[in-house]
Amino acid sequence: MKSYGVIIIGGGHAGCEAALASSRMGVSTALITLDLEKVALMPCNPAIGGIGKGHIVREIDALGGEMARCIDKTGIQFRVLNSSKGPAVQGFRAQADKHLYKNEMRRMLEAQTNLDLVCDEADELLFDNSTVKGVRTRNGLDLHARSIVITTGTFLNGRIHVGMNSSPAGRVGEEPSTKLSQSFLNQGFELGRLKTGTPPRLLRGSIDFSQCEVQDGDPNPQPFSFSTGKLDRPQVPCHITYTNERTAEVIRNNMHLSPLYSGIIEGVGPRYCPSIEDKVVKFPDRVSHHIFLEPEGLDTDWIYPNGISTSLAEEVQWKLVRTIPGLENAELVAPGYAVEYDFVPPTQLLPTLETKQVNGLFHAGQINGTSGYEEAAGQGLIAGINAALRSLDREPFTLSRMESYIGVMIDDLVTKGTQEPYRMFTSRAENRLLLRQDNADTRLMGKGNELGLVSDETYDLCLAKQGAVKQEIERLNTTKVVPNREGKDLVSKLGVGLKGPTTLAGLLKRPEITYGQLIETFNGASVSLLVGEQVEIQIKYEGFIQRQNQVVAKQSKLENIKIPADFQYEDISGLSCEVVQKLEEIRPTTLGQASRISGITPAAVSIVMLMLQRPTKV
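Attention here is on the structure that accompanies the text. For every chain, the first residue of its written sequence is number 1, and the numbers climb from 1 along that sequence. pLDDT decides what is reported in this predicted model: residues at 70 or higher carry local features, side-chain atom pairs at 80 or more are listed and counted, and totals for whole chains, interfaces and linings draw on all residues regardless. To obtain the side-chain values, all non-hydrogen atoms of the structure were used and water was disregarded.

1. With respect to the overall build of the protein
Then comes step 1: By the criteria applied, helices consist of DSSP H or I runs no shorter than four residues and strands consist of E runs no shorter than two, each listed in order from the N terminus. Secondary structure summary: the protein contains 20 helices and 22 strands in total.
Then comes step 2: Here the globule rule is a power law, 2.2 Å times the number of residues to the power 0.38, and the radius of gyration is based on C-alpha atoms. Since a compact globule built from 618 residues should have a radius of gyration of about 25 Å, the 26 Å found for the protein is in line with a globular shape.
Then comes step 3: The C-alpha extent of the protein, read off along each of the three principal axes, is 80 × 80 × 50 Å.
Then comes step 4: Residue contacts are counted whenever heavy atoms from the two residues lie within 4.5 Å of one another. Looking at the protein alone, contacts between residues at least 24 apart form 73% of all its contacts between residues at least 6 apart.
Then comes step 5: A total of about 26300 Å² of accessible surface is found on the protein, and carbon and sulfur atoms cover 50% of it.
Then comes step 6: Under the counting rule used here, the positive set is Lys and Arg, the negative set is Asp and Glu, and His together with the chain ends is not counted. Note on charges: their place is set at NZ of Lys, CZ of Arg, CG of Asp or CD of Glu. Across the protein, the mean location of the 66 positive side-chain charges is 5 Å away from that of the 73 negative side-chain charges. Only the protein chains shown count as cover for residues, with accessible areas throughout obtained via the Shrake-Rupley method and a probe of 1.4 Å.

Shown next as structure tokens:
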């Protein structure tokens, strides 16, 4: 028997971040995984980032996580999505070499001190009343720990479907975890059932790319990690094609072979990444759907057709693929499939991601009902941090929804729960102008440094950048331009007029003027591109940023009012039975969280606030 401070179960994206965070905080940690060759595997889309998701990756990096650095080293195409829109909704996305990515992450795990990698299956959780004490593996090994993080992905009672054929599996060729679900039920947890899926993989040489649109990466690719100086990796193109009426006809004619529509699959699928069957059924008037042909790596011939996730019979998949332009002769090297799995509804968690029922037990990733590598990694980082803090007898760590997208995600999950795989979007954040991906380091790197996950050297660079931004903004606010001949001549080069005195900052507020143009015209001091980006955003959006800061300040008052864990809602007159029931179920930790529970009225929040502010009887 061996004891650890923290044990992580599962080597996916959540498990990797949890294990690295815990061990880097100086806690003895064990990561239990079936196969080291498959840690950080990308069984679905071989890409990192996107709208909202890219924000999470940059926040992981600012807190000292690994995902951003790993994709910078292994990405094969980098793009900024929504580049024509405002900075709040722009998102970094990188196509990954899936084999290089998992190999790089495995290298980081193997090199990490305080971390043991255990190739085994966690069969049973060990408890002492309402406290988790350890894990028993399939091979009969008992491992004890003060904290355990569960990151089992789609493996809890996982079942794969291809047409009418189904079999127990967490992923293709990998056995599911069946006994852990029973451990949860024995401890009084509620379980639910979800579903996700993946498209068939195609052979590169069988595709006629001349019939497809080329989608290149950005000419000057931007890295995810704030510590990556410059990306010098080779960029490869992706391609775009479309489904058509013939595709829809094949699907409609074979719907009886779809486990999704024949009642075999019970789990709820992802709303924002539906299967091609769902698209045909739910959007009958829309015949054409985008298909993104994405390479899975530099040294593989496999192509991922993003947009045709399916669980139809394999012979039907061949037919539907070959109706698509450029894919008329495509060869399938692996069929698409759906996977059903158990999850533990996340309203049974605290904002630290520790379970309410069992002390020391943390959940992260798809077990909480989320979808996506990025959402999993963000949860894994927070769960790993808090598992380590508990082991060290230190205060827990949480992020609010006002300071991070990770905070938005966790608050959504533990407060509202989810009935379908949860996916992050920028629209989920009320204050998204403050939570931009470009300022994640400013918002969170200090916290990462305090936790011991960000080095002093890295944080000093962040502080130096903030100082340079402040200094340049002050210079632009105090440098005046007057409407004399020289001033008018200079301003005319920017394509605008000058009627009265203004400052350089005043000129930069004009939407048609960029910071680069301003500096070139007025011979400004040279600053880095990252500093210039921050200067331009902060000046152009100054009014909007100030208004959102005022809103955040008001909301923070509610977030700062803590609710004791043993607070008795049923003793409060004026609260309806429904309100009491919901408050008892969620057990919010702050008045702000209580205000976001579905069905909790402002009047109910006011009543609870008054009761919290009443003097305690002696």
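And the narrative resumes.
2. Side note on the sheet that holds strand β15 (residues 238-242)
Then comes step 1: Strand pairing follows a simple DSSP-based rule, namely that at least 2 bridges must link the two strands. Overall, antiparallel pairing links the 6 strands, which are arranged β14-β15-β16-β17-β13-β18 in an open sheet. Where the open sheet ends on each side, the last strands, each with one partner, are β14 (213-215) and β18 (332-334). Ignoring which end each strand starts from, the neighbouring axes of this sheet average 35° apart.
Then comes step 2: Strand direction decides the pairing type here: β15 and strand β16 (residues 290-295), joined by 4 bridges, are antiparallel. Within the sheet, the bridge partner assigned to histidine 239 lies in β16 and is leucine 293. The axes used here are C-alpha line fits, helices contributing only the stretch in contact, and every angle between their N-to-C directions lies in the interval 0 to 180 degrees.

3. Points about the packing of aromatic side chains
Then comes step 1: Two aromatic rings, drawn from Phe, Tyr or Trp (for Trp, its six-membered ring), form a pair once their centres lie within 6.5 Å of each other, and the interplanar angle then sorts them: stacked below 30 degrees, edge-to-face above 60, tilted otherwise. All told, the structure shown has 4 aromatic pairs when counted by the stated rule.
Then comes step 2: Consider the rings of tyrosine 541 and phenylalanine 544, whose centres lie 6.5 Å apart with planes at 55°: the pair is tilted.
Then comes step 3: A cation sits over an aromatic face here: arginine 58 above phenylalanine 226, 4.1 Å from the ring centre.
Then comes step 4: Only when the NZ atom of a Lys or the CZ atom of an Arg is both within 6 Å of the ring centre and within 35 degrees of the ring normal do we say a charge sits over the ring. Stacked on the ring of tyrosine 422, the Lys or Arg arginine 428 has its end atom at 4.1 Å from the ring centre.

4. Notes on a nonpolar patch on the surface
Then comes step 1: In this scheme, patches are assembled from residues that exceed 30% relative accessible area and form no salt bridge. Like charges are connected within 9 Å, while nonpolar side chains (Val, Leu, Ile, Met, Phe, Trp, Tyr) are connected within 5 Å. What counts as a salt bridge is simple: a side-chain nitrogen of Lys or Arg found within 4 Å of a carboxyl oxygen of Asp or Glu. A cluster of nonpolar side chains, contributed by Leu203, Trp302 and Val333, occupies part of the molecular surface with about 220 Å² of accessible area.
Then comes step 2: Assignment of secondary structure puts valine 333 in strand β18.
Then comes step 3: By relative accessible area, valine 333 is classed as partly exposed at 33%. Think of it in three bands: residues with accessible area under 20% of the maximum for their type are buried, residues over 50% are exposed, and the middle band is partly exposed, with areas taken using a 1.4 Å probe on protein chains only.

5. Quick word on the pairing of strand β5 (residues 91-96)
Then comes step 1: Of all 6 residues making up β5, 6 are buried, and the element is well covered by its neighbours.
Then comes step 2: Going residue by residue along β5, you find Gly91, Arg93 and Gln95 tucked away on one face and Phe92, Ala94 and Ala96 tucked away on the opposite face as well.
Then comes step 3: When strand β3 (residues 47-49) meets β5, the two strands line up antiparallel, connected through 3 bridges. The residue bridging glycine 49 from the neighbouring strand is arginine 93, located in β5.
Then comes step 4: One ladder, built from 6 bridges, connects strand β4 (residues 75-81) with β5; its direction is antiparallel. Across the sheet, leucine 81 pairs through a bridge with glycine 91, a residue of β5.

6. Focus: the sheet that holds strand β12 (residues 192-198)
Then comes step 1: Spatial ordering of the open sheet is given by β11-β10-β19-β12, a layout of 4 strands whose pairing is antiparallel. Only two strands of the sheet have a single partner each, and these edge strands are β11 (165-168) and β12. The mean angle between the axes of side-by-side strands here comes to 20°, regardless of whether they run parallel or antiparallel.
Then comes step 2: Judged from the 3 bridges that link them, strand β10 (residues 159-162) and strand β19 (residues 337-343) form a sheet pairing that is antiparallel. The residue of β19 that forms the bridge with isoleucine 160 is valine 339.

7. Overview of the nonpolar core
Then comes step 1: To form a nonpolar core, buried Ala, Val, Leu, Ile, Met, Phe, Trp, Tyr and Cys residues must be joined to one another through side-chain atoms within 4.5 Å. Tyr101, Val149, Ile385 and Ile406 are the most contacted members of the largest nonpolar core, which has 68 residues in total.
Then comes step 2: Among the elements that make up this core, the one with the highest residue count is helix α9 (residues 373-391) (10 residues).

8. Brief notes about helix α18 (residues 577-586)
Then comes step 1: All buried positions along α18 are accounted for by Val579, Val580, Leu583 and Ile586. Looking straight down α18, one finds that the buried residues subtend no more than 145° of arc, so they occupy a single side. The outward face of α18, more than 90 degrees from its buried face, is lined by the exposed residues Cys577, Gln581 and Glu585.
Then comes step 2: At the exit of α18 stands arginine 587, carrying a positive phi of roughly 50°. This arc describes the spread of directions from the helix axis toward the C-beta atoms.

9. Here's the deal with helix α20 (residues 602-613)
Residues spaced three or four apart along an α-helix face the same direction, because each turn holds 3.6 residues.
Then comes step 1: The span one expects for a helix is its residue count, reduced by one, times 1.5 Å. Over its 12 residues, α20 extends 16 Å from the first C-alpha to the last, a length consistent with the 16 Å expected when each residue adds 1.5 Å.
Then comes step 2: Buried within α20 are the following residues: Ala604, Val605 and Val608. Projected down its long axis, α20 carries its buried residues within an arc of 100°, all on one side. In α20, those exposed residues whose orientation departs by more than 90 degrees from the buried face are Pro602, Leu610 and Gln613.
Then comes step 3: Elements that come into contact with the buried residues of α20 comprise α18 and α19 (591-595).

10. Describing the pattern of salt bridges
Then comes step 1: Taken as a whole and assessed by the stated rule, the structure comprises 42 salt bridges.
Then comes step 2: Linking lysine 73 and glutamate 104 is a salt bridge whose minimum nitrogen-to-oxygen distance equals 3.1 Å. Here glutamate 104 lies in helix α4 (residues 98-111) and lysine 73 lies in helix α3 (residues 67-74), a separation of 31 residues in the sequence.
Then comes step 3: Look at glutamate 104 and you get buried, because its relative accessible area is 13%.

11. Remarks on the side chain of histidine 13
Then comes step 1: By the element assignment, histidine 13 lies in helix α1 (residues 13-24).
Then comes step 2: In this view, histidine 13 contacts Ala40, Leu41, Met42, Met67, Tyr101, Tyr373 and Ala377; residues no more than four positions away in its chain are not counted.

12. Quick word on the environment of serine 206
Then comes step 1: Along the chain, serine 206 turns up in the loop between β13 (201-203) and β14.
Then comes step 2: The class for serine 206 is buried, based on a relative accessible area of 13%.
Then comes step 3: Residues serine 206 and serine 130, 76 residues apart in the sequence, show an inter-C-alpha distance of 57 Å.
Then comes step 4: Residues in contact with serine 206, not counting those within four places in the same chain, are Gly326, Asn329, Ala330 and Glu331.

13. Here's the deal with unusual backbone geometry
Then comes step 1: A positive phi angle is found at alanine 40, which is not glycine, with a value near 55°.
Then comes step 2: Position of alanine 40 relative to the elements: it lies in the loop between β2 (29-33) and β3.

14. A few points about the packing of helix α12 (residues 456-478) against helix α15 (residues 515-522)
Then comes step 1: Closest axis-to-axis distance for the α12/α15 pair is 14 Å, and the angle between their directions is 60°. When the interaxial angle is binned, α12 and α15 end up oblique. Relative to α15, the crossing made by α12 is left-handed. Seen from α12, the contacting residues are Glu472, Arg475 and Leu476; seen from α15, they are Tyr515, Leu518 and Ile519.
Then comes step 2: Gly is put with the polar residues, along with every residue not named as nonpolar or charged; the nonpolar set is Ala, Val, Leu, Ile, Met, Phe, Trp, Tyr, Cys and Pro, and the charged set is Asp, Glu, Lys and Arg. The residue makeup of the contact of α12 with α15, split by class, is 4 nonpolar, no polar and 2 charged. An angle below 35 degrees is treated as roughly parallel, one above 145 as roughly antiparallel, one from 65 to 115 as roughly perpendicular, and anything else as oblique. Crossings are classed by handedness, with left-handed meaning an anticlockwise turn of the near helix from the far one by less than a right angle and right-handed meaning a clockwise turn.

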